[in-house]
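Residues per chain, in single letters:
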Amino acid sequence: PAPAASASPSSVRGLATPARQQTATAVPAELGAEYTDPDGWFTLRYPEGWREHASGSEMQFWADRQGDIAVAVSIQVKALSADALADQFVSFLGEKWDGYEVASRETTTLSGLPAVWVEQSWSWSGAAQRGALVAVVRNRMGVLLLTWCPEGDYADMEPDLRATVESLALA
């Protein structure tokens, strides 16, 4: 396949649905903090001690001081479906991030609605990263969640990242 930086959306590695990857077995931290979107779109719970951080149109929840381990939530208007929203961002990230690769993709539910969960890896400033892209749509309003973490920390952090994403409640 073509390198991700120059690939067309249809040639980005991993657009096919790979097998589900085994996840970490550590127990997530208790989700003791809660954020409610000021516009009333969603509520999200996250581990106590994480920081809320607004970044452009995203709301981010940082596990560390620098935001190297985080969950971000953004609202995407006029989204057709969870599949279409996930495909759009997989293609976009595949063109923008070095070494972008989809490790697994599954259809699931989030907040009682159909959702797409994409495990992904890439390189950021030469450092290996791992995380997920999760898309859910309700009444053409999409919610996109991104998680990221240095590759070496992922096994320990994956349960907290997953639990935070799974806590999403759409209004």
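Structure: see above.
Just so you know, these numbers come straight off a predicted model, no measurement behind them.

**Concerning the pairing of strand β4 (residues 58–62)**
In the case of a regular strand, side chains alternate between the two sheet surfaces. Where burial is concerned, most of β4 is hidden: 4 out of the 5 residues are buried. Pairing geometry for strand β3 (residues 51–55) and β4, over 5 bridges, is antiparallel. Counterpart to His 53 in the pairing with β4 is Gln 60. Counting the residues that bridge the hairpin from β3 to β4 gives 2 residues, and of these Gly 56 lies at a positive phi of roughly 60°.

**Concerning the nonpolar core**
Taken as a class, soluble globular proteins show a tendency for nonpolar side chains to be buried jointly. Phe 61, Leu 110, Val 136, Leu 145, Leu 161 and Leu 168 are the most contacted members of the largest nonpolar core, which totals 27 residues. Those elements giving two or more residues to this core turn out to be β1 (33–36), β2 (42–46), β4, β5 (70–77), β7 (113–124), β8 (127–138), β9 (141–150) and α2 (154–166). The leading source of residues in this core is α2, at 4 residues. Apart from residues no more than four positions distant in its own chain, Leu 161 is found in contact with Trp 50, Ile 69, Ala 70, Val 71, Thr 147, Trp 148, Cys 149 and Tyr 154. Counting residues in hydrophobic clusters, the runner-up holds 22 residues, among them Ala 72, Tyr 100, Val 102 and Val 137.

**Notes on the layout of surface pockets**
Considered as a void within the structure, the largest pocket measures approximately 170 Å³ in volume. Considering the residues around the largest pocket, the lining is formed by Asp 68, Trp 97, Trp 122, Trp 124, Gln 129, Trp 148 and Pro 150. Those elements giving two or more residues to the lining of the largest pocket turn out to be β7 and β9.

**Brief notes about the pairing of β9**
For β9, the buried fraction is high: 9 of the 10 residues fall into the buried class. One ladder, built from 8 bridges, connects β5 with β9; its direction is antiparallel. The residue bridging Val 71 from the neighbouring strand is Thr 147, located in β9. Bridge analysis of β8 against β9 gives 10 bridges, and the strand direction is antiparallel. Within β9, the residue paired with Arg 138 across the bridge is Met 141. Counting the residues in the hairpin turn of β8 and β9 gives 2 residues, including Asn 139, whose phi is positive at 50°.

**A word on the sheet that holds β4**
Pairing is antiparallel across the open sheet formed by 7 strands, whose spatial order is β3-β4-β5-β9-β8-β7-β6. If you trace the sheet from one side to the other, it starts and ends with β3 and β6 (98–110), each paired once. Sheet twist, expressed as the mean angle between neighbouring strand axes with direction ignored, is 20°. Along the sheet face, helix α1 (residues 82–96) touches β5, β6, β7, β8 and β9 and points at about 155° away from the line of β8. Across the sheet, α2 is in contact with β5, β6, β7, β8 and β9; its angle to β9 comes to roughly 165°.

**A closer look at the pattern of salt bridges**
Tallied over the full model, the rule gives 6 salt bridges. Close ionic contact of Arg 162 with Glu 119 constitutes a salt bridge, the shortest N to O distance being 3.3 Å. Placement of the pair is Arg 162 in helix α2 and Glu 119 in strand β7, with a sequence separation of 43 residues. With relative accessibility at 16%, the residue Arg 162 sits in the buried group. Taking the relative accessible area as the measure of exposure, Glu 119 reaches 3% and is therefore buried.

Rules and cut-offs
- Residues numbered from 1 in each chain as written.
- Predicted model: local features only at pLDDT ≥ 70, side-chain atom pairs only at ≥ 80, totals over all residues.
- Heavy atoms only, no water.
- Buried < 20%, exposed > 50% of the residue type's maximum accessible area, 1.4 Å probe, protein only.
- Helix = DSSP H or I, 4+ residues; strand = E, 2+ residues; numbered from the N terminus.
- Pairing = 2+ DSSP bridges.
- Core = buried A, V, L, I, M, F, W, Y, C linked by side-chain atoms within 4.5 Å.
- Contact = heavy atoms within 4.5 Å.
- 1 Å grid on protein atoms, 1.4 Å probe; cavity = no way out; pocket = protein on both sides within 12 Å on 5 of 7 lines; lining within 4 Å.
- Points joined across faces, edges and corners; volume = space filled by probe spheres on them.
- Axes fitted to C-alpha atoms, helices over the stretch in contact; angles between N-to-C directions.
- Salt bridge = Lys/Arg side-chain N within 4 Å of Asp/Glu carboxyl O.

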